[in-house]
Amino acid sequence: MSEYNKPLPGMDGLTREFYDFCKQEDLHFQRCSGCNTFRHVPREVCAKCNSFDWEWVRSSGVGTVYTWTVVERALHPAFVDDTPMAPVVVEMEEGVRLLANMLDCPPAELEIGMPVKIAYEAVTEEVTLPRFRRA
Amino acid sequence: MLKDKTCIVGIGETGYCRKPGSGMTEERLQLKASVAALQDAGLSGAEIDGILAFPNVGKSEAFAANLGCENLRFAATIHMGGAAPLASLRMAAIAVATGAANHVLIPGGWNGYSGARVRQTVTTDKNSIPGGAIAWDYYLPQGLTVPPQWYALMARRHMYEYGTTHEQFGAVAVAMRKHAQLNPGALMCGKTLTMEQYMASPMLADPYRINDCCLETDGAAAFIVTSVERARDLGKTPIYIMGAAAGQPYPADEITNRADFHQTGLTIAAPEAFRMAGIEPADADFAQIYDCFTFEVIQQIEEAGFCARGEGGPFVENGNIELGGNLPINTHGGLLSEAHSLGLGHIVEAVKQLRGDGGERQVKDAEIGVVTGWGDFGDGSIAILRR
Ligand SMILES: [Zn+2]
């Protein structure tokens with residue numbers, strides 16, 4: 001895995017915490033302790049009630065396809081061999097949306113509303129990225 | 001209120017190119033455009049006391065030192081990408097109307113073709129745009145790396161909800177290309193585009209084809225804002241700023257989790273600008289809509305209120321946005337077929353049209369024009385101008 005040359009998330013702060021759950025093949029989102037609103041991407045404060053109190057809560061891992069693009073021609077050199085690839089926005093059961101690639105669905109078979117479930121791909125020793133599979 | 005308190009008095013451009021590149025630094029390009037704007041206005045550099053530099057490509061200090069702006073007292077950079085020039089116009093109008101500055105220069109330019117491309121800067125510098133750090137952590141690792149891919153997410157959702165079609169995207173591309181044939185300075189002047197050619201254009205980031213995308217360009221442009229009184233003393237037809245506003249989608253730094261997925265900064269900004277101007281969108285004789293990609297024209301037509309949300313696709317059909325149509329859009333060819341001038345070209349073209357200097361592409365009896373800007377993850381800005 002040492003030759004993995006694609007962009008990796010900055011592994012610090014709340015982003016590190018999010019991806020550390022992924023490494024355990026577990027998906028967590030922040031939930032406000034003041035008003036129970038889920039949020040993603042991770043933020044310091046609840047935008048609804050401005051509470052600083054929150055906890056990581058396990059996601060059911062299921063959702064539906066909201067939108068996507070099919071990258072037919074990569075404009076980043078590291079993804080050239082992966083085209084066509086489709087980063088998919090999934091609306092999770094908790095209400096937040098998560099962007100990730102499908103592992104088992106060719107882009108031509110994607111449909112808005114399609115049920116999907118979370119999957120994982122360990123791309124380096126340190127980083128596991130969330131992915132999706134058909135539910 | 002800002003209505004009719006300030007004017008655009010000077011415009012300048014360098015001309016635009018791709019291969020082999022401008023052969024100039026981005027600073028020199030922008031200085032050339034700035035000097036052209038000063039000459040157009042009949043102003044000296046020493047009279048400029050406000051500068052609003054475009055993010056990442058220039059610093060007000062350097063402009064002032066080169067142009068001899070000895071009394072610089074108002075300087076800022078608005079970090080809204082392609083929405084920055086019109087957000088700067090609004091800020092300049094506020095400054096001039098309140099006495100914080102008398103003559104404000106707004107330059108912008110880049111070697112967007114021969115220098116660092118956007119595709120590189122957004123993936124190598126997480127601070128190149130305000131949402132860059134989030135893109136770095138949550139988009140790039142999934143292969144969503146560049147603007148056409150970000151915005152394709154919005155375009156597909158719009159197609160799903162409202163039935164917007166590839167042919168409607170194509171109508172935008174074809175209209176811009178037709179206009180470029182009347183603009184000798186347009187990079188695509190002499191290169192026509194039919195709907196058949198558009199539909200055969202290779203897919204880049206589905207639903208976006210190559211021909212849905214703007215032209216990476218080298219070049220610069222600039223304009224100057226001053227008071228109505230001062231503008232009347234200078235030689236050129238004063239172009240009045242009737243209304244101006246800027247806004248951001250929510251959240252501005254992250255695309256995927258917007259409750260209203262079709263919202264842009266313009267959704268907030270446009271009603272304010274039209275209210276200020278005291279006109280309806282239908283009163284505009286033309287519009288210069290920031291066309292980084294074809295669908296963004298459709299989206300902004302809707303969010304600016306030229307039609308209801310979901311009706312932008314039909315709006316661009318049947319020549320409606322071409323010269324001779326109900327609302328000619330991007331009479332210079334826009335970012336798609338003139339050049340990617342960071343949105344400054346749209347402002348320059350609006351001024352030319354309102355002065356009656358549109359040449360072959362002049363909109364007959366043009367009195368009121370609308371200009372929009374779009375940047376980063378959908379920041380928006382708008383100005384309503386009249387002669
Ligand atoms: Zn809360």
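These figures come from a predicted structure and were not determined experimentally.

### Here we look at the interface of chain A and chain B
Turning to step 1, where the next piece is worked out: The interface of chain A with chain B comprises 36 residues on the first partner and 36 residues on the second.
Turning to step 2, where the next piece is worked out: The junction of chain A with chain B conceals about 3200 Å² of combined surface from both sides, 55% of it contributed by carbon and sulfur atoms.
Turning to step 3, where the next piece is worked out: Applying the counting criterion to the chain A and chain B interface returns 1 salt bridge.
Turning to step 4, where the next piece is worked out: Here Asp253(B) ties to Arg43(A) by a salt bridge, and the two come within 2.8 Å at their closest N and O atoms.
Turning to step 5, where the next piece is worked out: At the junction of chain A with chain B, the criterion picks out 20 residue pairs in polar contact (both at pLDDT 80 or more).
Turning to step 6, where the next piece is worked out: Listed by contribution, the elements that provide at least two residues to the side of chain A that touches chain B are α1 (13-23), β4 (62-68), β5 (70-71), β6 (87-92), β7 (97-101) and β9 (128-134) of chain A.
Turning to step 7, where the next piece is worked out: Residue contributions to the side of chain A that touches chain B peak at 4 residues, all from β7(A).
Turning to step 8, where the next piece is worked out: Its residues assigned to classes, the side of chain A that touches chain B comprises 24 nonpolar, 7 polar and 5 charged.

### Some remarks on the coordination of the zinc ion
Residues and elements named next belong to chain A.
Turning to step 1, where the next piece is worked out: Coordination of the zinc ion by the protein is provided by Cys32 (SG), Cys35 (SG), Cys46 (SG) and Cys49 (SG), with metal-donor distances spanning 2.3 Å.
Turning to step 2, where the next piece is worked out: One can describe the site at the zinc ion as tetrahedral: its 4 donor atoms subtend angles covering 100 to 116 degrees at the metal.
Turning to step 3, where the next piece is worked out: Within one chain, the residues serving as donors to the zinc ion are arranged as C-x2-C-x10-C-x2-C.

### Here we look at the pairing of β4(A)
All names here are of chain A.
Turning to step 1, where the next piece is worked out: The element β4 is extensively covered by neighbouring structure, given that 5 of its 7 residues are classed as buried.
Turning to step 2, where the next piece is worked out: Summarising the sheet, β4 and strand β8 (residues 115-122) pair through 3 bridges and their orientation is antiparallel. Directly across from valine 62, in β8, lies its bridge partner lysine 117.
Turning to step 3, where the next piece is worked out: As defined by bridge partners, β4 adjoins β6 across 5 bridges and the pair is classed as antiparallel. The residue of β6 that forms the bridge with valine 65 is valine 90.

### A word on the confidence of the model for chain B
Turning to step 1, where the next piece is worked out: Of all residues in chain B, 100% attain a pLDDT of 70 or more, and the chain-wide mean is 97.
Turning to step 2, where the next piece is worked out: Under the prediction, the complex receives an ipTM of 0.98, its pTM being 0.97.

### What to know about unusual backbone geometry
Residues and elements named next belong to chain B.
Turning to step 1, where the next piece is worked out: Between lysine 19 and proline 20 the backbone carries a cis peptide bond, its omega angle lying at -5 degrees.
Turning to step 2, where the next piece is worked out: Positionally, proline 20 belongs in the loop between β1 (6-13) and α1 (26-41).
Turning to step 3, where the next piece is worked out: Unusually for a residue other than glycine, aspartate 365 sits at a positive phi of about 55 degrees.
Turning to step 4, where the next piece is worked out: Counting through the fold element by element, aspartate 365 comes out in the loop between α14 (344-355) and β10 (368-375).

### Observations concerning the packing of aromatic side chains
Turning to step 1, where the next piece is worked out: Enumeration according to the criterion identifies 16 aromatic pairs over all chains in this entry.
Turning to step 2, where the next piece is worked out: Ring plane angle 45 degrees and centroid distance 6.0 Å describe the contact between Phe169(B) and Tyr208(B), whose orientation is recorded as tilted. In this pair, Phe169(B) is assigned in helix α7 (residues 166-180) and Tyr208(B) in strand β6 (residues 208-209), connecting sequence segments 39 residues apart. In this pair, the class of Phe169(B) matches that of Tyr208(B), namely buried.
Turning to step 3, where the next piece is worked out: Members of the aromatic cluster, joined through ring pairs, are Tyr139(B), Trp150(B), Tyr151(B), Phe169(B), Tyr208(B), Phe293(B), Phe295(B), Trp374(B) and Phe377(B).
Turning to step 4, where the next piece is worked out: The aromatic ring of Tyr66(A) is capped on one face by Arg97(A), whose charged end is 4.0 Å from the ring centroid.

### A short note on the sheet that holds β6(B)
Turning to step 1, where the next piece is worked out: Strand order in this open sheet of 3 strands is β5(A)-β5(B)-β6(B), and the pairing throughout is antiparallel. Edge strands, defined here as strands with exactly one partner in the open sheet, are β5 of chain A together with β6 of chain B.
Turning to step 2, where the next piece is worked out: Pairing geometry for strand β5 (residues 203-206) of chain B and β6(B), over 2 bridges, is antiparallel. Within β6(B), the residue paired with Ala205(B) across the bridge is Tyr208(B).
Turning to step 3, where the next piece is worked out: Sitting on the sheet, helix α6 (residues 147-162) of chain B touches β5 of chain A together with β5 and β6 of chain B, and the angle it makes with β5(B) is about 60 degrees.

Conventions used here
- Residues numbered from 1 in each chain as written.
- Chains lettered and ligands numbered in written order.
- Predicted model: local features only at pLDDT ≥ 70, side-chain atom pairs only at ≥ 80, totals over all residues.
- Heavy atoms only, no water.
- Contact = heavy atoms within 4.5 Å.
- Buried area = accessible area lost by both parts, 1.4 Å probe.
- Salt bridge = Lys/Arg side-chain N within 4 Å of Asp/Glu carboxyl O.
- Polar contact = N/O pair within 3.5 Å; in protein donor to acceptor, adjacent residues only side chain to side chain.
- Helix = DSSP H or I, 4+ residues; strand = E, 2+ residues; numbered from the N terminus.
- Nonpolar A, V, L, I, M, F, W, Y, C, P; charged D, E, K, R; others polar.
- Donors = N, O, S within 2.8 Å, 3.2 Å for Na, K, Ca; no water.
- Tetrahedral: all angles 85-135°; square planar, octahedral: opposite > 155°, others 65-115°.
- Buried < 20%, exposed > 50% of the residue type's maximum accessible area, 1.4 Å probe, protein only.
- Pairing = 2+ DSSP bridges.
- pLDDT = per-residue confidence, 0-100.
- Phe/Tyr/Trp six-rings, centres within 6.5 Å; stacked < 30°, edge-to-face > 60°.
- Lys NZ or Arg CZ within 6 Å of the ring centre and 35° of its normal.
- Axes fitted to C-alpha atoms, helices over the stretch in contact; angles between N-to-C directions.

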